[in-house]
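Structural overview for review
Residue strings, one per chain:
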Amino acid sequence: MAVVITNEGRKAPNTDQDRAGLFNSLVAYTGRYRVDGDKWITTVDVSANPALVGTEQTRTFRVTGDRLQEMTAWAALPGNRMARLVITYERAK
């Protein structure tokens with residue numbers, strides 16, 4: 001399993017500050033996964049963020065027709081807010 005997610009509008013860097021900004025707009029990891037009911041769990045072997053190596057990343061999923069919907073767990077954000085990612089993939093025809 002490999003995941004690479006980036007923000008929209010990324011541009012080639014010109015400075016070290018630009019490069020740091022690009023790193024902060026990237027999620028990338030890979031590892032073996034297993035499925036347990038409506039969850040898939042990836043054991044991270046390699047990651048752009050070394051803190052994820054050795055962790056398990058759990059995602060809930062739902063398949064409806066040609067669509068796969070992936071949901072992260074809710075997480076606390078600064079400012080006493082909560083958020084989660086919901087990503088929908090559609091099978092190419």
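Above this note sits the structure.
Reference entry: report on the structure contained in this document. All values derive from a computational prediction rather than experimental measurement.

**A short note on the overall build of the chain**
If you tally the helices and strands in the chain, you get one helix and eight strands. For the chain, the succession of helices and strands along the chain, N to C, is β-α-β-β-β-β-β-β-β. C-alpha extents for the chain along the principal axes are approximately 45 × 35 × 30 Å. Of all 93 residues assigned to the chain, the portion counted as buried reaches 18%. For the chain, restricting intrachain contacts to residue pairs at least 6 apart in sequence, the fraction spanning at least 24 positions comes to 18%. Total accessible area on the chain is roughly 7200 Å²; 53% of this is exposed by carbon and sulfur atoms. Between the centroid of the 13 positive side chains of the chain and the centroid of its 10 negative side chains there is a distance of 3 Å.

**Comments concerning the environment of arginine 59**
Structurally, arginine 59 is set in strand β4 (residues 56-64). Not counting chain neighbours up to four residues away, the residues in contact with arginine 59 comprise Tyr29, Asp38, Lys39, Trp40, Glu70, Met71 and Thr72. Only 3.4 Å separates the side chain of arginine 59 from the side chain of glutamine 57, close enough to count as a polar contact.

**Some remarks on the environment of asparagine 14**
As for its position among the elements, asparagine 14 is in the loop between β1 (2-6) and α1 (16-23). Taking C-alpha positions, asparagine 14 is 22 Å from valine 4, a pair spaced 10 residues apart along the chain.

Here is what the cut-offs are and how they apply
Residues numbered from 1 in each chain as written. Predicted model: local features only at pLDDT ≥ 70, side-chain atom pairs only at ≥ 80, totals over all residues. Heavy atoms only, no water. Helix = DSSP H or I, 4+ residues; strand = E, 2+ residues; numbered from the N terminus. Buried < 20%, exposed > 50% of the residue type's maximum accessible area, 1.4 Å probe, protein only. Contact = heavy atoms within 4.5 Å. Areas by Shrake-Rupley, 256 points an atom, 1.4 Å probe, with all protein chains shown as cover. Lys, Arg positive; Asp, Glu negative; His and termini not counted. Charge placed at Lys NZ, Arg CZ, Asp CG, Glu CD. Polar contact = N/O pair within 3.5 Å; in protein donor to acceptor, adjacent residues only side chain to side chain.

Everything listed here is a matter of coordinates, which is why it stays silent on function.
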